[in-house]
Amino acid sequence: MGDTVSHTVGATNVTPETLDPQDWRALRALSHRMVDDAIDYVAGVRDRPIWQPMPDSVRDYFDTPLPKTPQPLDSVYRELSENLMPYPMGNIHPRFWGWYMGAGNFTGALGDFLAAVVGSNLGGGDHAATRVEQQLIGWLKDMVGFPATAGGTLTSGGSMANLIGLAVARNVQSGGQIRETGVAGASSAMVFYASDQVHGCHRKALEILGHGNTALRKLPTDGQLRMDTHALRRAIAADRGAGLQPACVIATAGTVNTGAIDDLRDIAEICREEGLWFHVDGCIGALLAIAPDNAWRVAAIEQADSIALDPHKWLHAPFDVGCVLTRDREAHFETFTLDQEYLQKTERGLAAGDWLYEYGPQTSRGFRALKVWMALKEHGVEKFGRLIDQDVAHAKYLAALIEDETDLAMVAAPTINIVCFRFDPGQLGEQHLKRINTEIMLRMQESGFAILSDTTVSGRHCLRVAINNHRTRQSDLDRLVGEVLRLGRDIA
Ligand SMILES: *Cc1c(COP(=O)(O)O)cnc(C)c1O
């Protein structure tokens, strides 16, 4: 090992080079140290600040020029221990409740490591990694009640999953011509319907797909921030009357603002009657289907034509991994399949397998499946279901604490695991309240105690606690309420 042999390549004498180490033993020792440090890092996460601002030295470190000459790996690692590891986003911490993220899990990290070691390209082919992805997609279909014959693919996340779902929807609704002639060749413009709580990725998707933002009809919501399905029926009729082509309803199972779940049963029926594609954005809520106490909330999700879901949210897979499932596998395939001379399928050999790149825009694809697959094998789906119920129960617990405090006001009571509330001692105007609550949020981040985010619900600015975290304990929520009150009174 470690021998370098000079030999003749062409006419010149060269020392052959490789990225493999000279000394595998030293690499082994360093790698073991990284694993030991990583375990300490995760095991001790509760005792560290959730987030801290980077000092100038760290910003400067990441501003150094392109390295031209080698640096020993242990020295690179030492630098990262100082400049990277202490400055995380914080979402693996038990008191991270900002925006909407999973908390990760160590098995998932090992899965990502092994996936990179195997190094397979999930564009497709007949090798074990493609079996892992297809088996995982099969399990995800099972979770939401989709038939085994359905199609699906893993994606970078929910945004890409929704984009693919909408692409299949519009191809089917175009009657199959749109791949050739584009939206410019359509005789009437398609319309996509969603509630005014819809995630921003749908706008991006429709812009990318060429329909433009005006193709997205944002419908009003009811008192619980669910799509007003009477308004949906009226909008479909009005658009037909105006010569447009109603194409697809995007129902949200778990909105990002408040966790509201659109009436999936009603929307499924409207789509059937009207001949519209029924897409569910289930990035937050689709996996409620595996939670014993809460599965009823997404009953009828199995009637969807396509579902976007996010294993890096409620399955806590390390970023990133999303998934889109399609009831009609053939329609999905027909949206992305190509016949290319440099990628021909064969009867035997490596190219005989399934070519997964024909289910989305990517050609080369990472081995995202393994981290999710390993954690599901290790824990079983029932435990993931219980953890979802636990998050929902935690949100209810927090809501009860808030209701008990006269200086706190609920802005949107939780349907599932998102709580919107604010410090409001009374007598203060909207502007003033926004200033105080924003300051509470920022001080809480800067002290390293907890991460919340904020939003505005029905015109009222509020703190938003999204409890998607298997490390959160009730005592963390007790402390949260105490901190909000303390900071609020201090600032006011
Ligand atoms: C998170 C989320 C998305 C986007 O998913 P990413 O994984 O962040 O790309 C889309 N819709 C909803 C409802 C979400 O919560």
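What counts, and where the lines are drawn
Residues numbered from 1 in each chain as written. Predicted model: local features only at pLDDT ≥ 70, side-chain atom pairs only at ≥ 80, totals over all residues. Heavy atoms only, no water. Phe/Tyr/Trp six-rings, centres within 6.5 Å; stacked < 30°, edge-to-face > 60°. Helix = DSSP H or I, 4+ residues; strand = E, 2+ residues; numbered from the N terminus. Buried < 20%, exposed > 50% of the residue type's maximum accessible area, 1.4 Å probe, protein only. Lys NZ or Arg CZ within 6 Å of the ring centre and 35° of its normal. Contact = heavy atoms within 4.5 Å. 1 Å grid on protein atoms, 1.4 Å probe; cavity = no way out; pocket = protein on both sides within 12 Å on 5 of 7 lines; lining within 4 Å. Points joined across faces, edges and corners; volume = space filled by probe spheres on them. Nonpolar A, V, L, I, M, F, W, Y, C, P; charged D, E, K, R; others polar. Domains from an automatic or database assignment. Expected span 1.5 Å × (residues − 1). Salt bridge = Lys/Arg side-chain N within 4 Å of Asp/Glu carboxyl O. Pairing = 2+ DSSP bridges. Axes fitted to C-alpha atoms, helices over the stretch in contact; angles between N-to-C directions. Parallel < 35°, antiparallel > 145°, perpendicular 65-115°, else oblique. Near = heavy atom within 4 Å. Polar contact = N/O pair within 3.5 Å; in protein donor to acceptor, adjacent residues only side chain to side chain. Areas by Shrake-Rupley, 256 points an atom, 1.4 Å probe, with all protein chains shown as cover.

Draft legend 1. Representation of the packing of aromatic side chains in the model. Summed over the entire model, instances satisfying the criterion amount to 5 aromatic pairs. On the basis of an interplanar angle of 15° and a centroid distance of 5.9 Å, the ring pair of W139 and W373 is categorised as stacked. Highlighted residues: W139 in helix α5 (residues 128-144) and W373 in helix α13 (residues 369-379), separated in sequence by 234 residues. Assessed through its relative accessible area of 19%, W373 is described here as buried. With a centroid separation of 6.2 Å and 75° between ring planes, the pair formed by W355 and Y357 is classed as edge-to-face. A single burial state applies to W355 and to Y357, both of which are buried. Positioned over the ring face of Y41 is R48, at 4.0 Å from the centre of the ring. Here R327 stacks its cationic end above the ring of F146, 4.8 Å away from the centre of that ring.

Draft legend 2. Summary view of the environment of A409. Following the sequence through the fold, A409 ends up in strand β10 (residues 408-412). Those residues in contact with A409 that lie beyond four places of it in its chain are I402, F421, R422 and D424.

Draft legend 3. Up close: empty space enclosed by the protein. For the structure on display, the rule yields 2 cavities of 30 Å³ or more. Of the volumes computed, that of the largest cavity is approximately 70 Å³. Every residue lining the largest cavity is listed: Q197, V198, H199, T252, G254, T255, V256, D281, C283, I284 and K313. Looking at the lining of the largest cavity residue by residue, the classes come out as 4 nonpolar, 5 polar and 2 charged. Put simply, the second largest cavity is a space of about 40 Å³. No other element matches α13, which puts 4 residues into the lining of the second largest cavity.

Draft legend 4. Structural context of the layout of surface pockets. Quantified by volume, the largest pocket comes out at close to 1,200 Å³. Surrounding the largest pocket, 36 residues form its lining, A38, Y41, M85, F106 and A109 being those nearest its centre. Broken down by secondary-structure element, the contributors of at least two residues to the lining of the largest pocket are α1 (24-43), α3 (73-83) and α4 (106-118). Taken together, domain 1 (24-87) and domain 2 (110-380) each give at least three residues to the lining of the largest pocket, which thus spans both.

Draft legend 5. Inspection of the side chain of R365 at higher detail. Note that R365 resides in the loop between α12 (329-336) and α13. Owing to a relative accessible area of 6%, R365 belongs among the buried residues under this scheme. The residues touching R365, leaving out its near neighbours within four places in the chain, are S120, N121, L122, G123, E133, T153, L154, L356 and Y357.

Draft legend 6. Geometry of helix α6 (residues 158-173). In this model α6 runs 22 Å from its N-terminal to its C-terminal C-alpha over 16 residues, within 8% of the 22 Å that 1.5 Å per residue would give. Burial of α6 is extensive: 13 of the 16 residues sit out of reach of the surface. Of the residues flanking the end of α6, it is G175, one or two places downstream, whose phi is positive at about 80°.

Draft legend 7. Up close: the pattern of salt bridges. Using the criterion set out here, one finds 18 salt bridges in the structure. The salt bridge partner of D112 is K371, with a shortest N-O separation of 3.5 Å. Of this pair, D112 sits in helix α4 while K371 sits in helix α13, and the two are 259 residues apart along the sequence. Across the salt bridge formed by R217 and D239, the nearest N and O atoms sit 3.0 Å from each other. You can see R217 sitting in strand β5 (residues 216-219) and its partner D239 sitting in helix α9 (residues 229-241), a full 22 residues away along the chain. With relative accessibility at 24%, the residue R217 sits in the partly exposed group.

Draft legend 8. Quick look at the sheet that holds strand β7 (residues 277-281). If you trace the 7 strands from one edge of the open sheet to the other, you get β3-β9-β8-β7-β6-β4-β5, paired in mixed fashion. Each edge of the sheet is formed by a strand with only one pairing partner; in this case those strands are β3 (151-155) and β5. Shown here is a sheet whose adjacent strand axes are inclined to one another by a mean of 20°, direction ignored. Where β7 and strand β8 (residues 306-309) come together, 3 bridges link them in parallel fashion. Note on β8: the bridge partner recorded for H279 is S306. Its contacts with the sheet put α5 on β3, β8 and β9 (322-326), and the angle it makes with β3 is roughly 110°. Each of β3, β4 (190-195), β6 (245-252), β7, β8 and β9 touches α6; the most contacted strand, β7, lies at about 180° to it.

Draft legend 9. Up close: the packing of α6 against α12. For the pair α6 and α12, interaxial distance at closest approach is 9 Å and the crossing angle is 95°. In this view, α6 runs roughly perpendicular relative to α12, as classed from their interaxial angle. Residue-level contacts link I164, A167, V168, N171 and V172 of α6 to A331, H332, T335 and F336 of α12. A class-by-class count of the residues in the contact of α6 with α12 yields 6 nonpolar, 3 polar and no charged.

Draft legend 10. Quick peek at the site of the ligand. Of all residues adjacent to the ligand, which total 13 residues, the nearest are G158, S159, D281, D310 and K313. Between S159 and the ligand, the recorded distance is 2.7 Å, taken from a side-chain N or O atom to an oxygen atom. K313 places a polar side-chain atom, nitrogen or oxygen, 2.8 Å from an oxygen atom of the ligand. Relative to its unbound accessible area of 380 Å², the ligand is 86% covered by the protein chains.

Draft legend 11. Quick peek at unusual backbone geometry. For the bond from F319 to D320, the omega torsion is -5°, close enough to zero to count as cis. Of note, D320 is situated in the loop between α11 (311-314) and β9. Phi is positive for H316, which is not a glycine, with a value near 60°. With respect to the helices and strands, H316 occurs in the loop between α11 and β9. One non-glycine residue, S458, adopts positive backbone phi at about 45°. Considering the arrangement of structural elements, one finds S458 in the loop between β12 (453-457) and β13 (460-466). A residue is classified by how much of its surface remains accessible, and S458, at 65% relative accessible area, is exposed.

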